[in-house]
Amino acid sequence: MTAQIIDGKAFAAGLREKVGELAARFEAAAGRKAGLAVVLVGDDPASQVYVASKAKQTVACGMNSFEHRLPADTAQDDLEALVDQLNADPAVDGILVQLPLPKGLDEQAVVARISPDKDVDGLTPTSTGRLALGLPGLVPCTPLGSLMLLKDQLGDLSGMDAVVIGRSILVGKPMAQLLLGENCTVTIAHSRTRDLPEVVRGADIVVAAVGRAEMVKPEWLKPGAIVIDVGINRLDPEPGKEKGRLVGDVDFAGASEVVKAITPVPGGVGPMTIAVLLRNTLVAAHRNEGLSDPEGL
Ligand code: NDP
């Protein structure tokens, strides 16, 4: 069997287009643009690239982007004061504090300070609680994007056996909650799981969010399964090359011979993350203005 390659890049482009159309409608209804504030503390090069990309795509969708860059030695109080100011600013619908924060800053305290109504990363205790309770709220972008790809492939996920490998707050746990919400039978595997290959073998849906290059082997996978590979790992460079290749947590070439469909790395889940961030910002904007949620997002 040669698997279908799930084109996250194309899906994300479609989602951004839809967000753009609905953002224009929002602007007409609310008399202002939706706005996303991104806070970057320090000068981590990878974070700078992400923040620049988020800002560019926010503007391209017809929303306002407010960037706040603070030095690495920013005090906890000053950072929390900025979050308070953004919470109170009616032009800001979504607040994203780029993680990780420099050493010495209390990440959890900063995130918890974000108003749940502006928590477009879905990481505050309130957002996490709403997801667990099945209440409307804002859901972390990468798992929500992964779910969108799954639903696009499968339609109804009800009754399917799903295994999520990884239990982080950012990906694994919310992914499991979302799949449970879709009536999957969900297993969460992690570094202490006793027989991971055996656990994975039972799954109709496998979501790998580990951070270990090509860890999931083809012989672990059930023929016909659907695989969502969240992992982003850079291999050591080949001789003569400056940078190593990016690969996921799944042995893509081998898995493609076994499963029904699989996301590639890059070009699978990765592009979905920012597209869902824009979607979450627009949804937050509607709720903040007392409008009903935009349809089709
Ligand atoms: P974390 O490091 O926070 O979590 C990794 C999880 O994998 C942990 O729960 C850990 O278990 C588990 N794990 C580690 N080793 C094993 C093992 N040998 N067998 C089974 N489970 C194991 O990572 P994140 O969740 O933040 O990210 C996971 C991957 O996804 C990374 O590659 C990251 O780069 C990528 N990512 C991609 C995004 C995108 O936009 N596409 C966005 C976010 C992340 P334990 O809890 O027991 O330690």
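Here, the structure is the one placed above.
Within each chain, residues carry numbers counting from 1 in the order of the written sequence. Local features in this predicted model are restricted to residues of pLDDT 70 or higher, and side-chain atom pairs are both shown and tallied only at a pLDDT of 80 or more, whereas totals for entire chains, interfaces and linings draw on every residue. Based on all heavy atoms of the structure, the side-chain values leave hydrogens and waters out of the count.

Engineer: In this structure, what is going on with the overall build of the chain? I would like to understand it.
Structural biologist: Helix and strand counts for the chain come out as 10 helices and 11 strands. For the chain, whose C-alpha radius of gyration is 19 Å, the value lies close to the compact-globule estimate of 19 Å for 297 residues. By principal-axis analysis of the C-alpha atoms, the chain measures approximately 55 × 45 × 35 Å. Each residue is placed in one exposure class: buried if its accessible area under a 1.4 Å probe, protein chains only, is under 20% of its type's maximum, exposed if it is over 50%, and partly exposed if it falls in between. The buried share of the chain, reckoned over its 297 residues, is 48%. Contacts are residue-level and defined by heavy atoms, with any inter-residue pair within 4.5 Å sufficient. In the chain, once contacts between residues fewer than 6 apart in sequence are set aside, the share between residues at least 24 apart is 68%. When charges are tallied, Lys and Arg are placed among the positive residues and Asp and Glu among the negative ones, while His and the ends of the chain are skipped. For this purpose, a charge sits on NZ of Lys, CZ of Arg, CG of Asp or CD of Glu. The average position of the 29 basic charges and that of the 38 acidic charges among the side chains of the chain differ by 2 Å. Helix and strand assignments come from DSSP, with helices taken as H or I runs of at least 4 residues and strands as E runs of at least 2, each series counted from the N terminus. For the radius of gyration, the atoms used are the C-alpha atoms, and the globule rule reads 2.2 Å times the number of residues raised to 0.38.

Engineer: Sorry if this is basic, but what is going on with the state of the cysteines here?
Structural biologist: Structurally, a disulfide amounts to a covalent bond that connects the sulfur atoms of two cysteines. We call a pair of cysteine sulfur atoms a disulfide whenever their separation is within 2.5 Å. Overall, the coordinates contain zero disulfides when judged by the stated rule. Free cysteine Cys 141: the closest other cysteine sulfur is in Cys 61, separated by 13 Å. Residue Cys 141 is classed as buried on the basis of its relative accessible area of 4%.

Engineer: What exactly am I supposed to notice about helix 10 (residues 270–288) here?
Structural biologist: Residue pairs three or four apart in sequence face the same way in an α-helix, which turns once every 3.6 residues. Under the 1.5 Å per step criterion, the end-to-end length of helix 10 is 28 Å for 19 residues, consistent within 8% with the ideal 27 Å. At the C-terminal side of helix 10, Gly 290 shows a positive phi close to 75°. A helix is expected to span 1.5 Å multiplied by its residue count minus one.

Engineer: Where do I start with the pairing of strand 3 (residues 64–70) in this structure?
Structural biologist: Consecutive side chains of a regular strand alternate in pointing toward one face of the sheet and then the other. A strand pair is defined by DSSP finding two or more bridges across the two strands. As defined by bridge partners, strand 2 (residues 35–41) adjoins strand 3 across seven bridges and the pair is classed as parallel. Opposite Gly 35, over in strand 3, you have Asn 64 as the bridge partner. A crossover counts as right-handed when, viewed with the strands pointing away from the observer, the path leading from the first strand over the helix to the second turns clockwise. At this point the chain moves from strand 2, through helix 2 (residues 45–60), to the parallel strand 3, and the crossover so formed is right-handed.

These figures capture arrangement, not role.
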